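Read off the chains here:
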Protein chains: 2
Amino acid sequence: MRFEALTIKDIAKALGLSTSTVSRALRDSYEISPETKKLVLEYAEKNNYHPNPIALSLKERRSRSIGVIVCEIANSFFSQTINGIESIAYHNGYNVIIAQSRESFDREMINLQYLTSRSIDGLIISVSTETRDFSFLKELHERGMPIVFFDRIVDEIETHKVIVDNYKSAYDATSQLVKNGYQRIAAISNAAYLSISKDRLAGYRAALDNNGIPVNENLIKHCHHGGMLLEEVEQAVNELVKAPEKPDAILTTSDKLTTGCFRVLKSKGISVPAEMGLVGFSNSDLTELLDPPLTIIKQPAFEMGEIATTLLLQLIESKRPVKEFETRVLASELITRGSTIAKKTEPQKLASL
Amino acid sequence: MRFEALTIKDIAKALGLSTSTVSRALRDSYEISPETKKLVLEYAEKNNYHPNPIALSLKERRSRSIGVIVCEIANSFFSQTINGIESIAYHNGYNVIIAQSRESFDREMINLQYLTSRSIDGLIISVSTETRDFSFLKELHERGMPIVFFDRIVDEIETHKVIVDNYKSAYDATSQLVKNGYQRIAAISNAAYLSISKDRLAGYRAALDNNGIPVNENLIKHCHHGGMLLEEVEQAVNELVKAPEKPDAILTTSDKLTTGCFRVLKSKGISVPAEMGLVGFSNSDLTELLDPPLTIIKQPAFEMGEIATTLLLQLIESKRPVKEFETRVLASELITRGSTIAKKTEPQKLASL
DNA sequence: ATCGTTACCGGGAACGATTGCGTAAATAAA
DNA sequence: TTTATTTACGCAATCGTTCCCGGTAACGAT
């Protein structure tokens, strides 16, 4: 069964005109008489003619669709970003094709191949936690594909990027933990080479440093599947609580890690925040309803999607190659709640300050 | 900046052949000599030729893309469904264009217009809670557009549908509440005319009936924006707790309503389950971590997406018009947790009645 | 020598839309 | 009356691909 649509040729035949005349009439060209225009327009309206976007794409050599690759859409941060992307894209007559890498480099490559073979006009991507080899992206970019990175960006490729101030976000969150009396603060992060891991851990380290707390590398754990597997989070937590210098708080550097870590702590009967403080990056609005409510670093995800798309459309619609690129750095929001409540066993510590 | 790709014409020119020969060589036609094939194939491989999908679409009069409309992707049930849809679609060389209605009829119409004007080959949709007028969908269907409904289906349109056993799901959940000692069970649902509202409330009513509990229409509330606005959920809860026959438990019939209702109860200081039991449809894996953990009815969302897509592809790829349609009814899963714990303070309350 | 067959390849029309160019008729200017 | 200009439309190429027609060799059979 096929869905047949009215073409410009049908209109031409029905009205005894040529296709060029019909086309021009529809586009309100000056060289068509008002009477003919009216005739064509009315006929098109009545039979609800819509220009075939595929034919237009072929002619204009652009598909008016952009590709988006994220690790998964069932993740508050990314679904909110996608909302922002869609709002701008649809507003400009573009459609959005979404693909999920599920934190796998292989799947990311497959999606990349698929999307480019589907001739997208541009790409918005937050790379997977496994991605270390950027050669394909690089080649794509060099061959002229407009690309905008967000969240997990790639330093080696010069193009527009949208991120939050990862360093400051982690710095502030860690500082707050210190202020609240936590001393042995651990961090659970994605793969070490990932941009957000590097920046957020740098902020974490700096905060400890500036507060006179030595950084203990044993308290920094990496989850190479970004928390997609609960087991890896479980292992990280296990290693932390079994360590001789058992931490009294944990900083998690991404959505999936935050809820995953909380899940593990709960299942192990480790009480939050009494036994273990917890602060993490998260955009889920359910974290507020957990027990205890989670202190989170919330990113302006919707806005990030909007900005990324605006920048991408600029690249796509630019007449000549763009040489100047910008990295937009937005502020995140630290929302303080129960999971990092001030420790009551403080007096002695305060005295020591 | 434009992304230029190798065409069949380029290959033809480079190899001194005609485009038809190249085309046939690439498609391994019998009328091309092995040597020529090898020549063409190797050249194509080396310069990584990919057929232009847009040109193919124009020729074959199909876009190999399907449209999906849900109320929002930042909703566990729908994002899981979309995962199922994508897994099947990508596997069959289709891409998926997702649009969100945000529970608004107007936005649904805009998306529908947009998607059909982008010449999709088929449509998978769960209608918004506002949608009462199906004329556009009906016309689309009559004009030959393959459509599959899931979750919120439309009875008037005869095509494939995928749902869970909504009646039984609500019946079982309500029955369990009764078994656990709850007596005045309220329900918060979407708009009354929505398929899932009708079926789930029917199950709810039947369960009360079969347990000898009279159905009190004052304890059935409808949220016309499907919980997209927290205020409407708040109002529903307010009306319930202020009612003379204040309920001791609530059944919520969709994801957004479940977490919304829990949020409102929490903010109003109404303890769950002591003061108010709560069971609802939800696919969020965070409900387990709430305080108390929520008893939920979980739908096999991923599987629903897979089935819907398989059925849609059948419709699309069928040579002749399909006349026989099926409605797949899957089983849901009732996961019992803390929010519907058996009431201990039963004797005195029963006495006071 | 002629015909039929097979193997191999090219020309060109389509798919739906846009657009540069050509041109007839009508009107204005010389 | 002749020439220039304007008005209003059609022709045909184009985008990348497929596929229906051809067409031309080479070869064997008659």
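Here is what the cut-offs are and how they apply
Think of each chain on its own: its residues are numbered from 1, step by step along the sequence as written. All chains are assigned letters beginning with A, and all ligands numbers beginning with 1, in the order in which they are written. Only residues with pLDDT of at least 70 are given local features in this predicted model, and only at 80 or more are side-chain atom pairs given and counted; all residues enter the totals for whole chains, interfaces and linings. The side-chain quantities take in all heavy atoms of the structure and omit both hydrogens and water. The contact criterion used is simple: two residues touch if any of their non-hydrogen atoms lie within 4.5 Å. Accessible surface is computed with a 1.4 Å probe, and the buried area is the amount of it that two parts give up when combined, taken over both parts together. The salt bridge definition used is simple: a Lys or Arg side-chain nitrogen within 4 Å of an Asp or Glu carboxyl oxygen. Identification of polar contacts relies on pairs of N or O atoms within 3.5 Å, with a donor-acceptor requirement for protein atoms, meaning one able to donate a hydrogen and the other able to accept it, and with residues adjacent in sequence counted only if both atoms are side-chain atoms. Per the convention used, a helix needs a DSSP run of H or I reaching at least four residues, while a strand needs a run of E reaching at least two, with both numbered from the N terminus. Just so you know the grouping, Ala, Val, Leu, Ile, Met, Phe, Trp, Tyr, Cys and Pro go in nonpolar, Asp, Glu, Lys and Arg go in charged, and all remaining residues, Gly too, go in polar. If even one non-hydrogen atom of a residue comes within 4 Å of a molecule or strand, that residue is called near it. For each domain, the first and last residues come from an automatic or database assignment.

Caption draft 1: Layout of the interface of chain B and chain A. In this complex, chain B contributes 57 residues to the contact, which on the side of chain A involves 57 residues. Interface area for chain B against chain A, summed over the two sides, is near 5,400 Å², with a carbon-plus-sulfur share of 54%. If you look at where chain B meets chain A, you find 2 salt bridges. Between the two partners, chain B and chain A, sit 23 residue pairs in polar contact (both at pLDDT 80 or more). Listed by contribution, the elements that provide at least two residues to the side of chain B that touches chain A are helix 4 (53–60), helix 5 (76–91), strand 2 (95–100), helix 6 (105–117), helix 11 (255–267) and helix 12 (301–317) of chain B. Partitioning the side of chain B that touches chain A into residue classes produces 26 nonpolar, 16 polar and 15 charged.

Caption draft 2: Spotlight on the protein's contact with DNA strand D. Near DNA strand D there are 27 residues, and of these Ser18, Thr21 and Thr36 of chain A together with Ile8 and Tyr49 of chain B occur at the shortest range. The sugar-phosphate portion of DNA strand D accounts for 63% of its atoms within 4 Å of the protein, the bases making up the rest. Within the side chain of serine 20 of chain A, a nitrogen or oxygen atom sits 2.9 Å from a base nitrogen of DNA strand D. Between DNA strand D and threonine 36 of chain A there is a distance of 2.6 Å, counted from a phosphate oxygen to a side-chain nitrogen or oxygen. Secondary structure elements with two or more residues in the surface near DNA strand D: helix 2 (19–26) and helix 4 (53–60) of chain A together with helix 1 (8–15), helix 2 (19–26) and helix 4 of chain B. When its residues are assigned to classes, the surface near DNA strand D shows 8 nonpolar, 11 polar and 8 charged.

Caption draft 3: Representation of the domain arrangement of chain A within the structure. Residue and element names in this part refer to chain A. Splitting chain A by domain gives domain 1 (8–51), domain 2 (63–164 + 301–329) and domain 3 (166–299 + 335–352). The distance between the C-alpha centroids of domain 2 and domain 3 comes to 29 Å. Listed per partner, the contact involves 21 residues of domain 2 and 20 residues of domain 3. Taken together, the two surfaces of domain 2 and domain 3 that pack against each other cover about 1,700 Å², and 49% of this comes from carbon and sulfur. Among the residues of domain 2 in contact with domain 3, Thr129, Arg152 and Val164 are the three that bury the most area, contributing 32% of the side total. Counting every contact that joins domain 2 to domain 3 gives 2 salt bridges. In this assembly, domain 2 and domain 3 are joined by 7 residue pairs in polar contact (both at pLDDT 80 or more). Of all elements in the fold, only helix 5 (76–91), strand 5 (160–164) and helix 12 (301–317) reach the threshold of two or more residues within the side of domain 2 that touches domain 3. Of the residues forming the side of domain 2 that touches domain 3, the biggest block, 3 residues, is contributed by helix 5. In the side of domain 2 that touches domain 3, the residues fall into 7 nonpolar, 6 polar and 8 charged.

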